[in-house]
Amino acid sequence: MRTYEVSRIDADRAVPLTGAVDGTVWERANVARLDEYAWGDEPGPETTVRALFDAEALYLQFHVEDDEITADVTELNGPTFEDSSVELFATPAPPEDGSPGRYFNFEANCCGTFKLAWQEPNWRERDIGRDLVAPTDAAAVEVETSVPSPTKTASPDDDSWWLAARLPLATLRLLTGLPLELDSGTVWRGNFYRSGLPDAQKGTWNRIELPEPTYHSPEFFGRIEFE
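Everything quoted here is computed from the prediction, not taken from an experiment. (Residues numbered from 1 in each chain as written. Predicted model: local features only at pLDDT ≥ 70, side-chain atom pairs only at ≥ 80, totals over all residues. Heavy atoms only, no water.)

**Description of the packing of aromatic side chains**
And then number 1: Counting across every chain of the model gives twelve aromatic pairs.
And then number 2: Pairing Trp-39 with Tyr-215 gives two aromatic rings, centres 6.4 Å apart and planes at 45°, and the pair type is tilted. Linking Trp-39 in the loop between strand E2 (31–33) and strand E3 (47–53) with Tyr-215 in the loop between strand E11 (187–195) and strand E12 (222–226), this pair joins segments that are 176 residues apart in sequence. In this pair, the class of Trp-39 matches that of Tyr-215, namely buried.
And then number 3: Here the aromatic rings of Phe-53 and Phe-226 are separated by 5.1 Å at their centres, their planes lie at 90°, and the arrangement is edge-to-face. Taken together, the residues Phe-53 in strand E3 and Phe-226 in strand E12 connect sequence positions 173 residues apart. (Phe/Tyr/Trp six-rings, centres within 6.5 Å; stacked < 30°, edge-to-face > 60°. Helix = DSSP H or I, 4+ residues; strand = E, 2+ residues; numbered from the N terminus. Buried < 20%, exposed > 50% of the residue type's maximum accessible area, 1.4 Å probe, protein only.)

**Let's talk about the pairing of strand E1 (residues 3–8)**
And then number 1: In this structure, E1 lies alongside E12, joined through four bridges in parallel fashion. In the strand pairing of E12, Tyr-4 is matched with Ile-224.
And then number 2: Relative to E3, E1 runs parallel, the two being bridged by two bridges. Bridge pairing links Arg-8 to Phe-53 in E3. (Pairing = 2+ DSSP bridges.)

**Some details on the pairing of E11**
And then number 1: In terms of residue burial, E11 counts as a mostly covered element, since eight of its nine residues are buried.
And then number 2: Two strands pair when backbone bridges link them, and E11 and E12 are joined in this way by four bridges, in the antiparallel orientation. Across the sheet, the residue bridging to Gly-190 is Gly-222, located in E12.

**A closer look at empty space enclosed by the protein**
And then number 1: According to the stated counting rule, one finds one cavity of 30 Å³ or more in the structure shown.
And then number 2: Its boundaries defined by the atoms lining it, the largest cavity holds a volume of some 40 Å³.
And then number 3: Lining the largest cavity we find Val-6, Ala-51, Leu-58, Leu-60, Leu-88, Trp-188, Phe-192, Ile-224 and Phe-226.
And then number 4: Those elements that place two or more of their residues in the lining of the largest cavity are strand E4 (57–65), E11 and E12.
And then number 5: Along the lines of polarity and charge, the residues of the lining of the largest cavity split into nine nonpolar, no polar and no charged. (1 Å grid on protein atoms, 1.4 Å probe; cavity = no way out; pocket = protein on both sides within 12 Å on 5 of 7 lines; lining within 4 Å. Points joined across faces, edges and corners; volume = space filled by probe spheres on them. Nonpolar A, V, L, I, M, F, W, Y, C, P; charged D, E, K, R; others polar.)

**Overview of the pattern of salt bridges**
And then number 1: Applying the stated criterion across every chain, the model contains 15 salt bridges.
And then number 2: The shortest N-O distance in the salt bridge between Arg-28 and Glu-227 comes to 3.7 Å. With a gap of 199 residues between them, Arg-28 in the loop between E1 and E2 and Glu-227 in the segment after E12 connect regions that are remote in the sequence.
And then number 3: On the basis of relative accessibility, which here comes to 38%, the residue Arg-28 falls in the partly exposed class.
And then number 4: Judged by relative accessible area, which is 32%, Glu-227 ranks as partly exposed.
And then number 5: Between Glu-120 and Arg-102 there is a salt bridge, with its nearest N and O atoms 3.7 Å apart. Here Glu-120 is found in the loop between strand E7 (114–119) and helix H1 (123–126), whereas its partner Arg-102 is found in the loop between strand E5 (85–91) and strand E6 (103–109), with 18 residues between them in sequence.
And then number 6: Glu-120 sits in the partly exposed class, given a relative accessible area of 24%.
And then number 7: By sharing partners, the salt bridges in this structure join Glu-36, Arg-207 and Glu-209 into a single network. (Salt bridge = Lys/Arg side-chain N within 4 Å of Asp/Glu carboxyl O.)

**Considering a negative patch on the surface**
And then number 1: Side chains of Glu-65, Asp-67, Glu-68, Asp-157 and Asp-159 sit close together on the surface and give a patch of like negative charge.
And then number 2: Examined against the element boundaries, Asp-157 turns out to sit in the loop between strand E9 (142–145) and strand E10 (160–168).
And then number 3: Residue Asp-157 is classed as exposed on the basis of its relative accessible area, which comes to 68%. (Patch = residues over 30% accessible without salt bridge, like charges linked within 9 Å, V, L, I, M, F, W, Y side chains within 5 Å. Areas by Shrake-Rupley, 256 points an atom, 1.4 Å probe, with all protein chains shown as cover. Lys, Arg positive; Asp, Glu negative; His and termini not counted. Charge placed at Lys NZ, Arg CZ, Asp CG, Glu CD.)

Structure representation (structure tokens):
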């Protein structure tokens, strides 16, 4: 199981939603590489993520290699995983017995359209046990990308894109119903994913030991520790 440590940022320091790292607070963030390609013989395109936090929010910054950047989904909570996209799945209150707990997924395409959901581990089999963020609550989530919205068609010039996001704890509290706080010693379970690619090129941070890509697999989440 991999472990990622999220670095803390002082409340008086702004976290820019940009792809820049040098000369910004993103220099303090650890880099996680989505370099587990469980369904292909060759590495897929490189994807990295950095994460920071303060008392009010979790911040994410993805850098993505991509020679075919596409996005068609424009509606909140739509199937953004079909587009060039990146994802964070996390269990913010892991059960003490180590079993998979209820988890959220933040799934954003290259144009910044996203899904934010809260679900039980077996919701897909039961077709119940899943809640999607309300539009009024989603409005507080900030997403910036290098790709102009609202849609993107593939171009011969495509080679990479970045996405940065601010997920307010207040929004996650409303979605999950949990009294979430981020502080030193907080531990989540989770995984980062790259979507919108052929199965053989799909990358994950923590390896998923299944024969086919199944991102909704909290039993394969890694450990996310807050500094």
